[in-house]
Each structure stands twice: as C-alpha cells, then as structure tokens.
Amino acid sequence: MSIKPAAFIGALLASALAGAAPAPVTVINGATIIHPSKNGAAAVEEGTTIVIAGDKIQLAGRGITLELPQGAKIIDGRGKFVIPGLVDSHVHFFQSGNLYTRPDAADFNAVVPYAQEVARNKARLDATFKIWLANGVTGVADVGGPFWNYDVRDRAVATAAAPRMVVAGPLISMIADPPLDLDDPPIIRIGSPEEARALAERELKRNPDFIKVWFIHQEGDDLAKQEAIVKAAGDAAHAAGKRLAVHATELLVAKAALRAGADILVHSVFDEPVDDEFIALLKERHALYCPTLFVWTSYELVLSGQWKATPEEERSADPEILAAMDVNKVPADKRPERVAKFIAERKPIEPPKVAMANLKRVQDAGIPVVMGTDAGNIGTLHGPSIYREMRLMAESGLTPLEVLRSATWNAAKTMGLEGKTGEVQEGMLADLVILDADPLADVMNLSHVYRTIKGGVVYDPKELLESIR
Ligand SMILES: [Zn+2]
C-alpha cells in the first residue's frame, strides 16, 4: 500500500487557507489494524500508522512517515489492535435492562412504579451514552420507543460523549401493550392499513431513520390482513426514503414481513429452521438480519433468579442497573405470580439453538448479519451485553472476523453510514476502538477496550465509567 503524506498535509493546508483553526491531530503508531471488510491475510495489517485529523481518518496503513504538526497527540499502538467502532443494531433507550423496565412481562410496580423507572432512564441518558462508548460502541440503532426517542437522538447529536444514533419511534403494533402506556406509549395498536399510514405519517414528521412494526401473529389472526398493515407502513416509509424495521420471530411471520417490504429483521427466526424461500426473500430485499440471541433467554434468567453479571458487566455496566437485577432481593409478597413460579421452578435455561443454527445458515448464504442485543430488555444491559451476544454468535459457528464484521462493516448499513464508517481507512470517520488483545483470536478480546475514539475524540473507558459513578 502506498500512502502519500502529501494528502494529509494538503488537508491541513486547506483548512488553514480556509481560515479555520487546524483540526486536532491524533496519531496511533505501531498498531495492528483489523480490516473487517476483508478476508484472510488482507484482514490483518501489522505495524501501521493511523493519522486522525478532526473527525476523519486522514491516513491509515504501513510505511507512513510524516512530520507531525505541533500539538499532535501520539498514542503508542505497539502490541495493540485497531478496529472500527462497534455498532449495536438493536437497542432501546426507554428501557434500562433492570427488573422494573418491562411491567408487561413482570409487574414490579409495587417495588418501583413504571413511570419512575422510565423517568430514571430519561434522566440517565448521558451516563448510558458513556457506557456505550466505554464498551467500544460508537453507533447504536434504537429500533423503537416513545415519541421522545427522537429527542434522545437530538441529545446524542448534541453530546460529544455519545454514540451516533439512528432511531425509530413508536412501534406500529398488531396488539396493544397497556402496562407500558404512560402518556407517550412505545407501542401503538394499529388495526388497518389506513391507521398504519396515519401513524407512519405522524412519525415521518420527526424524521425517523426507521418505521418499525411489531409484527405479532397469534393463533387465529389473519396473516394476509396483517401483512397488508405491514405493507402500508413500509410503503409510507419507503415513499419518504426511510427504511422499514420489523420484529418477526417466526418463520411464517418473517417471510410475510419481507414480502411486505422489511429492510431489516430486528430479530432471528426462533421457531423453526429457515428455508430457501426465506433466504431468497432476504436476498431480494437486500435485508439486514439482526440475530439478538441473548435477549431470548435474558428475561427468564433474571426472573428465575439465575442471572449473574459477567466480569465484563461487573466492570462496565451501569452500577445503578447492576444493583437492581436480583429478583431474590425482592420481598416475596411483592413478586408477581409469574416470577414466583419461575423462581420455584429454576429451570435450566438453554441458549436458542434453532436461532443459532439459523444464524449460521443466513451467514453462510451471504446475507448481511448485523450484531444487535435488544439492550434495555430485562437482563440485557446497555453496553456490555454486546459481549454476551457476540459470544453466542461465535458459538453459532461464525468466525471472530464474521462477528466483528457484523458489528462494523455490515452495521454501517444499519446506521446509513456505508462508505463513511465500518473500516479503518483513509477518508472514513474516525470512529475506532483500540484493543489490548487480538479480536481474531477470540471474540471476547473485543471487551479489552484500551481506548474508544468517536468522531476523532479519544476516550479512556475507565475515565468514562468513573465519571458516572
Ligand atoms: Zn427490541
């Protein structure tokens, strides 16, 4: 690779001529770059120099020699690994991951009223943003919540120490979910294509990145009628240049979602093995597939008292949330009936084997898989739950490089940032993670974050986490 420092000097000169203050420069020396868009030996580039000026990568590669501008920050990258910033393609900021965050699944209103829980989540946003950065995550997709989700995106844009964010607003849903109905419900029941269009229009005024459908198909429901509702939502989204995200966890329903125009399936197919027709529909739609493997078991793990924080969670989850995970500490008379039953049974909880086999099949078919946790749901914590998810992806048979690709190169598509993020190369946004260990040797090495860089600004995870305690 031949890289010309002249391009870099030229960029600095251009900013000087334009009368702007020269952009701050950071240089990472000697690190191994992992290129998630490449395969084999090409994915690993040792002994590199990375030059960041302002929010962009100016140069990245081997054999770069340049005279450093005054005030440049130098990071010794020897023995370290640089990857693009990670993206979680499925999160929810109105939920915290703790016991009290989904009263529709487990009603703990007697312990913490739901309104208080949601108010806490809103007030805690800046800390939650920092937790994401501390875990190497520089981009998140909030795929559905109250209308104030759009304010969360505004806040993230206005906050330096926050990941980039794309959002959907309230879910266009087949069913109501009254326990979550505060004054601004995250889930709205829609009964016809006309109603779907009307809600999509209300959302489009807020410039969503996605219109989201909660495609719940129960026995006795008319699938064709439901598909027409999803299609109406999708058509409205597409007419406005927006994408359609669909929750559809059964094969039959996921196929209907794709026929209706889904651009991203925000979950795995969990109920039965996927087939050729499903793969063909994904290909035809150029759809993204977000597995969310861990969340499938996380509710039951917590509600049966079997959830334990991982070392990564102990280190880098929100301490306020870690303190509110233990169902055994809830007085017996305040436990919902369902929870009492879970605790009494304490059934061993297996990972979702069907979904894991489906992930491997979808990956091998060349479908773009995007890593996503569904963080915010009970037991799936903002930030470090990515490591639980990526471990399960590896256990499904994906290579560490494929897992990394799903959280970077492929995920740039979720973010609408194709060509701008997802690789470590000249001209891309400087969203990077410096790791202390090789992520291709073991996906868990992705948790060894030495520094996170977002938009050219360098963050020390320890300092981020200290600042929220
Ligand atoms: Zn979700």
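The structure contained in this document is the topic of the report that follows. All values reported here derive from a predicted model rather than from experimental measurement. (Residues numbered from 1 in each chain as written. Predicted model: local features only at pLDDT ≥ 70, side-chain atom pairs only at ≥ 80, totals over all residues. Heavy atoms only, no water.)

### Some details on the nonpolar core
Step number 1: Grouped together as the largest cluster of nonpolar side chains are 113 residues, with contacts concentrated most on Phe215 and Phe278.
Step number 2: It is helix α6 (residues 223-239) that provides the largest number of residues to this core, a total of seven residues.
Step number 3: The contact partners of Phe215, leaving out residues within four places of it in the chain, are Met174, Leu223, Gln226, Glu227, Val230, Val246, His247, Ala248, Val253, Ala256 and Ala257. (Core = buried A, V, L, I, M, F, W, Y, C linked by side-chain atoms within 4.5 Å. Buried < 20%, exposed > 50% of the residue type's maximum accessible area, 1.4 Å probe, protein only. Helix = DSSP H or I, 4+ residues; strand = E, 2+ residues; numbered from the N terminus. Contact = heavy atoms within 4.5 Å.)

### What to know about the coordination of the zinc ion
Step number 1: Each protein donor to the zinc ion is listed here as His90 (NE2), His92 (NE2) and Asp374 (OD); together their distances run 2.0 to 2.2 Å.
Step number 2: All donors of the zinc ion belong to a single chain; written as a sequence motif, their spacing is H-x1-H-x281-D. Pair noted here: His90 is in strand β6 (residues 86-91) and Asp374 is in the loop between α13 (353-364) and α14 (385-395), with a separation of 284 residues, a long-range link. This pair shows no difference in class: His90 is buried, exactly as Asp374 is. (Donors = N, O, S within 2.8 Å, 3.2 Å for Na, K, Ca; no water.)

### Thoughts on unusual backbone geometry
Note: most residues except glycine have negative phi, and most peptide bonds are trans.
Step number 1: Positive phi is not limited to glycine here, since Asn207 has a value of about 55°.
Step number 2: Its location among the elements puts Asn207 in the loop between α5 (193-204) and β11 (210-214).
Step number 3: Not every positive phi belongs to a glycine, and Thr292 is a case in point at roughly 40°.
Step number 4: Among the secondary structure elements, Thr292 is positioned in the loop between β14 (288-289) and α9 (295-303).

### Focus: the pattern of salt bridges
Here the idea is simple: oppositely charged side chains can pair when their charged atoms come close.
Step number 1: Under the definition given, this model contains 22 salt bridges.
Step number 2: Note that Glu320 is salt-bridged to Arg124, the shortest N-O span being 3.5 Å. Taken together, the residues span a long stretch of sequence, with Glu320 in helix α11 (residues 319-322) and Arg124 in the loop between α2 (114-123) and α3 (125-134) at a distance of 196 residues.
Step number 3: In this structure Arg124 comes out as buried when scored by relative accessible area, which is 14%.
Step number 4: The salt bridge partner of Glu313 is Arg388, with a shortest N-O separation of 2.8 Å. Taken together, the residues Glu313 in helix α10 (residues 311-316) and Arg388 in helix α14 connect sequence positions 75 residues apart.
Step number 5: Exposure remark for Arg388: the relative accessible area of 15% places this residue in the buried category.
Step number 6: Among the charged side chains, a salt-bridge network with shared partners connects Arg120, Arg124, Asp318 and Glu320. (Salt bridge = Lys/Arg side-chain N within 4 Å of Asp/Glu carboxyl O.)

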